[in-house]
Structure formats: C-alpha cells, structure tokens
Amino acid sequence: MIGDAAHQTPPSRDGVNQAMLDALELSQALCANNFLTIEDAISSYEKNMLARTSKVTAEALQLVEAMLAENNLQEMVDFFKPERYAMSRQNNCIECN
Ligand SMILES: Cc1cc2nc3c(=O)[nH]c(=O)nc-3n(C[C@H](O)[C@H](O)[C@H](O)COP(=O)(O)OP(=O)(O)OC[C@H]3O[C@@H](n4cnc5c(N)ncnc54)[C@H](O)[C@@H]3O)c2cc1C
C-alpha cells in the first residue's frame, strides 16, 4: 500500500510528499536486482516506509492538537516562528536524516 491508504494523516503539509515518496521507493524496490522475490522487495519498501511515515504522522498529529488547543492562535504563531519551523523542516529532511 502507498499514500494515505498506508498512513493517513490529518490534513497537514506532508501527505502528498509522503505519497510520492512511497511511489518512488516502491518502484525502486521492485526494479532493484537485490531481492530474491517480489514479496522481499515489497517487504523492504514497507519497512522503510513505516519508519519514515510514523515520524511524519506523529508530527502531523501534534500540529492538529495545537490547532485544536484552547490557545491555538498562540500555538500557530509559535509554530511558524523561524527557529521552530526550521527545526521541523530539518527533522523531515530525508537527505539530512
Ligand atoms: C483538506 C486537506 C488539505 C490537505 N493539505 C495538504 C497539503 O497542504 N499538503 C500536502 O502534502 N498534503 C495535504 N493533504 C493530504 C493529501 O491530500 C493526501 O495525503 C494525498 O492526496 C494522498 O494521496 P493518495 O494518492 O494516497 O490518496 P488520494 O489523493 O485520496 O487518492 C485516492 C484516489 O482513489 C480514489 N478511490 C477511492 N476508492 C476507490 C475505489 N474503490 N476505486 C477506484 N478509485 C478509488 C479516490 O477517488 C481518489 O481519487 C490535504 C488533505 C486534505 C483532506
């Protein structure tokens, strides 16, 4: 499975990116020569996908909690403060992790 079917998140900033990465990584696994069976290739894709998306999903849920919090306006203002936003983007940077 790929995209929201595999890891539906609340509407946040990353659902489409994660879905596109899923498609890319699954196709790479299926085209690689280093798996004995298709099941092995899919299993490898799934393992990586679950590790990657569980982090993003947890962050998306935090964002929704902040949006629904009593002090949500302040939470949103804080979220987009340069240092906090930069840290969040750094955590999601595939090449950086
Ligand atoms: C309000 C909102 C705002 C969002 N904002 C952002 C954003 O800013 N940035 C971001 O990255 N992501 C955002 N997302 C999330 C993003 O839209 C999804 O993560 C992304 O579309 C998932 O792609 P997908 O291909 O997995 O699923 P989908 O885009 O849901 O595609 C699934 C497709 O399958 C079709 N389908 C379903 N059942 C069947 C069936 N039985 N037979 C045939 N076809 C079927 C559906 O009609 C649909 O076209 C937002 C989502 C919402 C709801």
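Residues numbered from 1 in each chain as written. Predicted model: local features only at pLDDT ≥ 70, side-chain atom pairs only at ≥ 80, totals over all residues.

Undergrad: I'm lost on the site of the ligand in this one. Help?
TA: Near the ligand you find G3, D4, A5, P11, R13, D14, G15, V16, N17 and A19, and these make up its full shell. Among the elements of the structure, helix 1 (4-7) and helix 2 (15-31) are those that each provide at least two residues to the shell around the ligand. With 4 residues, the single largest contributor to the shell around the ligand is helix 2. Classifying every residue of the shell around the ligand gives 4 nonpolar, 3 polar and 3 charged. (Near = placed C-beta within 6 Å. Helix = DSSP H or I, 4+ residues; strand = E, 2+ residues; numbered from the N terminus. Nonpolar A, V, L, I, M, F, W, Y, C, P; charged D, E, K, R; others polar.)

Undergrad: Hey, could you run me through helix 2 in this one?
TA: Helical geometry: 3.6 residues make up each α-helical turn, so side chains three or four residues apart lie on a common side. In this model, helix 2 (17 residues) spans 24 Å end to end at C-alpha, consistent with the 24 Å of a helix rising 1.5 Å per residue. Along helix 2, the residues that are buried comprise Q18, D22, L26 and A29. Buried residues of helix 2, seen end-on, are gathered within an arc of 70° and therefore sit on one face of the element. Those residues of helix 2 that are exposed and angled more than 90 degrees off the buried face are V16, N17, M20, A23, L24, S27, Q28 and C31. For helix 2, the secondary structure elements touched by its buried residues are helix 1 and helix 3 (38-68). (Expected span 1.5 Å × (residues − 1). Buried ≥ 20, exposed ≤ 12 C-beta atoms within 10 Å, placed from the backbone. Arc of directions from axis to C-beta. Contact = placed C-beta atoms within 7 Å.)

Undergrad: Help me understand the packing of helix 3 against helix 4 (residues 72-79) in this model?
TA: For any two helices packed against each other, one specifies the crossing angle of their axes together with the interaxial distance. Look at helix 3 against helix 4: their axes get within 6 Å of each other, and the N-to-C directions meet at 140°. It follows from the interaxial angle that helix 3 and helix 4 lie oblique. Along the contact surface, helix 3 presents A66, M67 and L68, while helix 4 presents N72, E75, M76 and F79. Per-class residue counts for the contact of helix 3 with helix 4 are 5 nonpolar, 1 polar and 1 charged. (Axes fitted to C-alpha atoms, helices over the stretch in contact; angles between N-to-C directions. Parallel < 35°, antiparallel > 145°, perpendicular 65-115°, else oblique.)

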